[in-house]
Amino acid sequence: MDRPIDLHDYQPTLPDNLNPLDPAELATLFDGLRIQTRHIAAHPYDPNTWLQRGITLMKLRYPELAVGDGYKAGLLAGEALKGLGDGKWGLGARMGFWMLLEDDEAEEDGWEREMLRRYLDGLQRKARELVEQNLELWPAFEEGRFRRRKYPWMPPEFASRGDEVLRVINDEFKDNGGRALRNGTGQICSVRRHAFGVDPNGEKPTHDVLGVFATREIAPDSTILIDQSRIWGCNGPGAAGSLENLNGGMGCGEPIHPNLPSEDTSLDLRWIRAATGKNARCSLVFMRALLCAIQDGGVDRNSLSHPLIARLTPCYPAERIHRFSLANDIALPHTFLRTQGGVDIFANPFFDTWVFSTISSRILSNSCGDPLAECLSPLFSLFNHSCEPNVRWELHKDHRTVVVRSVGRMRAGEQLFVEYDAFLSGEGVGRRREGLWRWLEGPCGCGRCLREEEEEEGRRVDEKMEGVELGKGKEWDGGEKPVL
Ligand SMILES: [Zn+2]
Ligand SMILES: [Zn+2]
């Protein structure tokens, strides 16, 4: 957030942006945002720096980010207040450190201590107010509403997929064809840049459109890919291994899920399952994405640069409004990062709330699953969608292995299409397009959709004509009344 931005890239995430901010006001707010972000870098444990930036983010109409900063301000003020209760400690300048006081100093310090207590109390209250102001559904729910948008300060290297990301993916495809399938025939498919059609919003550079293509002829009903993921989650078993989730909804019966036998007990994720109930699978996928970034790249790197996250693009459907929850989307990832990720959530800018929000948008547009489990597959997520797919897929019982098989015979060079949501297959074109909002930015433009759209259009025209010719009194739904 400390980068200069192009104001043309600014898109607020607040759902009702009725009176757009004028450009001069916007420029001032973004200047403030940059300065406050630098203040945070210099004094990360000062609750007031977080509160001030949170207020700027609210004015810039990013409710989910304002809540993130307000939450951190409240946390810091609360922790400082707790420290004050113990008379032996005094607060260092801008709260960056604690000092052990001499005995006489501790007594003289009483008045200053009281002033500091009042100041921190006030900050904590304001931080709470900032959070509540941005939770639209509060007090009934501690939830806010927002639209998913690209943040204008996103560094360009994270905004689209570079050649290095493509090279990594193609090495994985090569590896998968040769090793995972153990069929000795080597690579079966590869990914490449493939600009098809026109981006409906005219916003995405078409060079960033990828597709998966057959690199050789593929026989009908053959296995193309066995894709195992590290980023997965399930609603897990309930108490005493029941099939119910702890907090309602269905779970699975695997006693150690959502952990794996190979995992260290220090990374026991069952508390997340208990805290998030029937949404556990989605929260767990998100935590595992953060964990992957930390395990592979350490904590001093932006998690958006991790190859499993850098390969994903998000969808930003224009009209879709999402909910975010203070408990599950803000407090939970911060607690996870502090307790199990070893991340200093105040001093480390690589795990800021805007990074969370960007990762969660990418997961939403690329993961697959069922009501019990969710999985972000490293290679499968790169397949494009068609409502008449030439490959089919299945998520195994382990919740993290996706197997892709061909339907009919395929030529070398042919693009492989999957159907993202098989439950939509029997629906009409309108329902299908509506149901695909998570994965496709505009209406699905596959062959079947275009054909059915044309047929429907034709039917509508026929019906109108029928009504006119037979004079059945059908309502004319627009334009001039027909002359009979
Ligand atoms: Zn499970
Ligand atoms: Zn379609």
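Residues numbered from 1 in each chain as written. Chains lettered and ligands numbered in written order. Predicted model: local features only at pLDDT ≥ 70, side-chain atom pairs only at ≥ 80, totals over all residues. Heavy atoms only, no water.

Per an unreviewed UniProt entry, the recorded name for the protein chain is SET domain-containing protein, and the organism is Saxophila tyrrhenica.

Draft legend 1. The sheet that holds strand β12 (residues 391-395), seen in detail. Ordered in space as β6-β13-β12, the three strands form an open sheet in which the pairing is antiparallel. Single-partner strands in this sheet number two, and they are β6 (223-228) and β12. Averaged over all pairs of adjacent strands, the angle between strand axes in this sheet comes to 15°, irrespective of strand direction. By the bridge criterion, five bridges tie β12 to strand β13 (residues 401-406) in an arrangement that is antiparallel. Across the sheet, residue W393 finds its bridge partner in β13, namely V404. (Pairing = 2+ DSSP bridges. Helix = DSSP H or I, 4+ residues; strand = E, 2+ residues; numbered from the N terminus. Axes fitted to C-alpha atoms, helices over the stretch in contact; angles between N-to-C directions.)

Draft legend 2. Examining the coordination of the zinc ion (ligand 1) more closely. Coordination of the zinc ion (ligand 1) by the protein is provided by C234 (SG), C252 (SG), H257 (ND1) and H399 (NE2), with metal-donor distances spanning 2.1 to 2.3 Å. Classification of the site at the zinc ion (ligand 1) as tetrahedral follows from its four donor atoms and the range of 103 to 119° in their angles at the metal. Mapping the donors of the zinc ion (ligand 1) onto the primary sequence gives the spacing C-x17-C-x4-H-x141-H. Of this pair, C234 sits in strand β7 (residues 231-234) while H399 sits in the loop between β12 and β13, placing them 165 residues apart in sequence. Exposure remark for H399: the relative accessible area of 6% places this residue in the buried category. (Donors = N, O, S within 2.8 Å, 3.2 Å for Na, K, Ca; no water. Tetrahedral: all angles 85-135°; square planar, octahedral: opposite > 155°, others 65-115°. Buried < 20%, exposed > 50% of the residue type's maximum accessible area, 1.4 Å probe, protein only.)

Draft legend 3. View of unusual backbone geometry. Here W138 and P139 are connected by a cis peptide whose omega angle stands at 5°. Looking at the element boundaries, P139 is found in the loop between α5 (110-133) and β3 (143-146). In this structure, R61 is a non-glycine residue whose phi angle is positive, near 70°. Within the element layout of this structure, R61 appears in the loop between α2 (47-59) and α3 (63-85). On the basis of relative accessibility, which here comes to 17%, the residue R61 falls in the buried class.

Draft legend 4. Just the side chain of T401, in detail. You can see T401 is positioned in strand β13. A relative accessible area of 6% places T401 in the buried class. One polar contact links T401 to Q228, side chain to side chain, over a distance of 3.2 Å. A distance of 2.5 Å separates polar atoms of two side chains, one belonging to T401 and the other to D398. (Polar contact = N/O pair within 3.5 Å; in protein donor to acceptor, adjacent residues only side chain to side chain.)

Draft legend 5. Looking closely at the packing of α3 against helix α12 (residues 353-364). Viewed as axis vectors pointing N to C, α3 and α12 meet at an angle of 135°, and their least axial separation amounts to 9 Å. For the element pair α3 / α12, the angle class is oblique. As α3 runs across α12, the sense of the crossing is right-handed. Mapping the contact onto sequence places E64, L65, G68 and D69 in α3 and T353, W354 and S357 in α12. For the contact of α3 with α12, the residue count by class is two nonpolar, three polar and two charged. (Parallel < 35°, antiparallel > 145°, perpendicular 65-115°, else oblique. Left-handed = near helix turned anticlockwise from the far one by under 90°. Contact = heavy atoms within 4.5 Å. Nonpolar A, V, L, I, M, F, W, Y, C, P; charged D, E, K, R; others polar.)

Draft legend 6. Looking closely at the coordination of the zinc ion (ligand 2). Every protein donor of the zinc ion (ligand 2) is listed here as C387 (SG), C444 (SG), C446 (SG) and C449 (SG), and their distances to the metal cover 2.3 Å. One can describe the donor arrangement at the zinc ion (ligand 2) as tetrahedral, given that its four donor atoms subtend angles of 104 to 116° at the metal. Read in sequence order, the donor residues for the zinc ion (ligand 2) give the motif C-x56-C-x1-C-x2-C. Note that C387 is positioned in the loop between β11 (384-385) and β12 and C446 in the loop between α13 (429-435) and α14 (447-470), a separation of 59 residues in sequence. The same class applies to C387 and to C446, which are both buried.

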